[in-house]
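The primary structure of each chain is shown beneath.
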Amino acid sequence: MSSRIQSRTRIAIVGAGPAGLMLSHLLAQAGIDSVAVDVRGRREIEQTHRAGILEQDSVDLLVDTGVSDRVRSDGYQHDGIELAFGGGSHRIDFQGLVGAATQLYPQTDVFIDLADARQRDGGDVRFGVADVSVDDLTTDSPVLRFTDSAGTAHEIRADFLVGADGSRSLCRHEVPADRRSQYFREYPFAWFGILAEAPPSAPELIYNHSPRGFALISQRTETLQRMYFQCDPAENVDAWTDDRIWAELQSRVGANGYTLAEGPITGKSVLPFRSFVQEPMYYGRLVLAGDAAHTVPPTGAKGLNLALADVRVLAEELERALAANDSAPLATYSERALRRVWKAQHFSYWMTTMLHTLPEATPFDLRRQEGELAAVTGSTAGATFLAEAYTGWPQRK
Ligand code: PHB
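Not measured: the values here are computed from a predicted model.

Undergrad: Would you mind going over the site of the ligand in detail, with residue names and values included?
TA: Neighbouring the ligand are 16 residues; Tyr207, Ser218, Arg220, Tyr228 and Gly300 lie closest to it. Backbone polar atom of Pro298 to an oxygen atom of the ligand: 3.2 Å apart, as the coordinates give it. Gly300 has a polar backbone atom sitting 2.9 Å from an oxygen atom of the ligand. Partitioned by chemical class, the residues of the shell around the ligand number 9 nonpolar, 4 polar and 3 charged. Residue contributions to the shell around the ligand reach at least three from each of two domains, namely domain 1 (5-76 + 105-183 + 275-351) and domain 2 (186-273 + 359-391).

Given below as structure tokens:
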């Protein structure tokens, strides 16, 4: 039928965000060819603001596989976080408790480093494609079809297909309903996120519980800060002037003794909160990775870290699958990845519910949350549990 250009690769990847590009990079290092496509343009992905905290293993993966030295030189090592509640602030000392740290380095920069590394190494990555579809998933020669940015139609046969196409994944929907389970949770709040031209207000991140709701004081650079406050999911950003935003943030952190350094606000957006998992993370010769298979609420910044942990395992299992021309390792990948995914689902849910105020919250609920926060911060066992999860459960264990 077609005037499509036909070609072959070992692994065809839908999605060239951090998950798809990291996978393609790891496969290349194992001598395995892949093609990654994305409907978004490179600039468009670069302009998507996401979380900014990397677990130690995520940093090591980027550095050790030659993707980025910038993550160490331009990022900021954080040895702990502050949990502010009940009129004061309590530090969780990651180094002291678990001998680990996190790195403040925005996801956009991770993406830029990966895209540059793929380009440097001659990787086949096509941005700005259209009409993406996948087919023949239960055969040993599945196919990826798309139209490239110049309007040429392609058909690429592969040994395996990977859906790393984000939370609005089209690949996920290719799994028949009777072959998968989906787990959902919606939350009755969202985050209002801002970028502000101001100096840092504190050396580390502050997770701030207050009677007016949650606020997170994060950072980007010496002159640019990232902050969030809990809001209604239907909140209209245009209704918020800079003055109104600063007043709201100051009143939330002021309850715990902080004052924020203010400055012009250069970005405003509302971030939805959802927990989602689809399992298993494969069907036939299609395998899912990152947000395509699971979404976490942003409290705790697990999204990108989970995606990188997925593809590290996936690269290993795909190598086995190719060597044996057998899809059994995809099931092993799914089991291995899901163990971490569900721990991260719990952690993100726990941080979210411990720190945010439900719309119908009573004074009892607020005091109970303060009790929970006091129990966690006041106990080495409690604080260690948080520190271990936040810095990321070591992948080698
Ligand atoms: C961020 O800096 O964007 C950030 C940090 C920590 C989180 C979420 C987002 O838990």
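Undergrad: Talk me through the nonpolar core; I want residue IDs and the actual numbers.
TA: If you look at the biggest cluster of nonpolar residues, it comprises 100 residues, and the most contacted ones within it are Val162, Tyr207, Leu386 and Tyr390. Two domains each put at least three residues into this core: domain 1 (5-76 + 105-183 + 275-351) and domain 2 (186-273 + 359-391). Tyr207 has contacts with Ile81, Glu82, Leu83, Ala84, Phe214, Ala215, Leu216, Thr299, Gly300, Met351, Leu355 and Tyr390, leaving out every residue within four places of it along the chain. Ala190, Ile194, Trp240 and Tyr258 belong to the second largest nonpolar core, which has 20 residues in total.

Undergrad: I'd like to hear about the sheet that holds strand 19 (residues 265-271), residue by residue, with values.
TA: Read from one edge to the other, the open sheet built from 7 strands follows the order 7-6-16-17-18-15-19, with strand pairing classed as mixed. Only two strands of the sheet have a single neighbouring strand rather than two, namely strand 7 (88-93) and strand 19. On average, adjacent strands in this sheet sit at an angle of 15 degrees to one another, irrespective of strand direction.

Undergrad: Which residues make up the domain arrangement of the chain, and what values do they have?
TA: Domain boundaries in the chain define domain 1 (5-76 + 105-183 + 275-351) and domain 2 (186-273 + 359-391). When each unit is reduced to the centre of its C-alpha atoms, the spacing between domain 1 and domain 2 is 30 Å. In this assembly, 20 residues from domain 1 lie in contact with 20 residues from domain 2. Of the roughly 1700 Å² buried where domain 1 meets domain 2, counting both sides, 67% is carbon and sulfur surface. Together, Tyr76, Pro298 and Trp350 form the three largest contributors to the area buried by domain 1 at its contact with domain 2, with a combined 30%. On inspection of domain 1 and its partner domain 2, the count reaches 0 salt bridges.

The rules behind each value
Residues numbered from 1 in each chain as written. Predicted model: local features only at pLDDT ≥ 70, side-chain atom pairs only at ≥ 80, totals over all residues. Heavy atoms only, no water. Near = heavy atom within 4 Å. Polar contact = N/O pair within 3.5 Å; in protein donor to acceptor, adjacent residues only side chain to side chain. Nonpolar A, V, L, I, M, F, W, Y, C, P; charged D, E, K, R; others polar. Domains from an automatic or database assignment. Core = buried A, V, L, I, M, F, W, Y, C linked by side-chain atoms within 4.5 Å. Buried < 20%, exposed > 50% of the residue type's maximum accessible area, 1.4 Å probe, protein only. Contact = heavy atoms within 4.5 Å. Pairing = 2+ DSSP bridges. Helix = DSSP H or I, 4+ residues; strand = E, 2+ residues; numbered from the N terminus. Axes fitted to C-alpha atoms, helices over the stretch in contact; angles between N-to-C directions. Buried area = accessible area lost by both parts, 1.4 Å probe. Salt bridge = Lys/Arg side-chain N within 4 Å of Asp/Glu carboxyl O.

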